[in-house]
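Per-entry structural report
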Amino acid sequence: MNNKPAQIYLIPCTIAPNTQESVISPRIKQVISAVDYFLVENVRTARRFISSLKLRAVSELHFEVFNKHTDEQEISKLLSPLRNGQSIGVISEAGCPAIADPGNQIVQWAHRNKVKVTPLVGPSSLILALMASGMNGQHFEFHGYLPIAKILRLKKIQSIENESLMTGKTQIFMETPYRSRALAEAL
């Protein structure tokens, strides 16, 4: 057993394919090399991401799925390796865990149970888009995903637009690739 207390690492991953060399820091690689247990949104993409870094055999690692369908009562069970002194890495589907991602539930559990959480710096589509937009980066608001239902989505877009006009804040939201065409049409 390790003498160092176990902790949870929030590990960012690539947003775009074949970008790991330019966006994944040596610190992220160091943590991935040291951790054997991962909570991931999608095992296949997490394995592909770790394999692309060419750090170690993915077959040596243990992966558990934690996504929006995971029941809240399962969190303690999923984090049980912490009790045995094993640190855990949390990897989102793309970008940073706990940002428009259910990873925040893991972080809340960790805070309640006095487990150290270490967020690692990496690619964030939200920040990258804001930086490249030329829009107000001093005052902005993130809305997450917009409603799927067409009428509710249109109402939300109108509300966001009105707020932006009144406050001057940049309004940020995101969408999945398979719903982006409907969003573009709504805009």
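Above: the structure in question.
Let us look at the structure shown here. (Residues numbered from 1 in each chain as written. Predicted model: local features only at pLDDT ≥ 70, side-chain atom pairs only at ≥ 80, totals over all residues. Heavy atoms only, no water.)

1. Looking at the environment of Gly137
In plain terms, the rule: Elements are defined by DSSP. Helices are runs of H or I of four residues or more, strands are runs of E of two residues or more, and each kind is numbered from the N terminus. Only protein chains enter the calculation, and the probe is 1.4 Å; a residue is then buried if its accessible area is under 20% of its type maximum, exposed if over 50%, and partly exposed in between.
Mapped onto the elements, Gly137 comes out in the loop between helix H6 (125-133) and strand E6 (140-145). Here Gly137 falls in the partly exposed class, since its relative accessible area comes to 45%. Here the alpha-carbon distance between Gly137 and Ala184, two residues 47 residues apart in the chain, equals 23 Å.

2. What to know about empty space enclosed by the protein
Applied cut-off: Only protein atoms enter the 1 Å grid, on which a cavity is a set of points fitting a 1.4 Å probe that cannot get out and a pocket is an open set with protein on both sides within 12 Å along at least 5 of 7 lines, lining residues being those with an atom within 4 Å of a point. Grid points are joined across faces, edges and corners, and a volume is the space filled by probe spheres set on the points. Residues were grouped as follows: Ala, Val, Leu, Ile, Met, Phe, Trp, Tyr, Cys and Pro as nonpolar; Asp, Glu, Lys and Arg as charged; and all remaining residues, including Gly, as polar.
All told, the structure shown has one cavity of 30 Å³ or more when counted by the stated rule. When its volume is computed, the largest cavity comes out at roughly 50 Å³. Lining the largest cavity, in full, are Leu39, Val40, Glu41, Phe66, Val90, Ile91, Ser92, Asp101, Pro102, Gly103 and Ile106. For the lining of the largest cavity, the elements supplying multiple residues, two or more each, are strand E2 (37-40), strand E4 (88-91) and helix H5 (103-112). Tallied by class, the residues present in the lining of the largest cavity amount to seven nonpolar, two polar and two charged.

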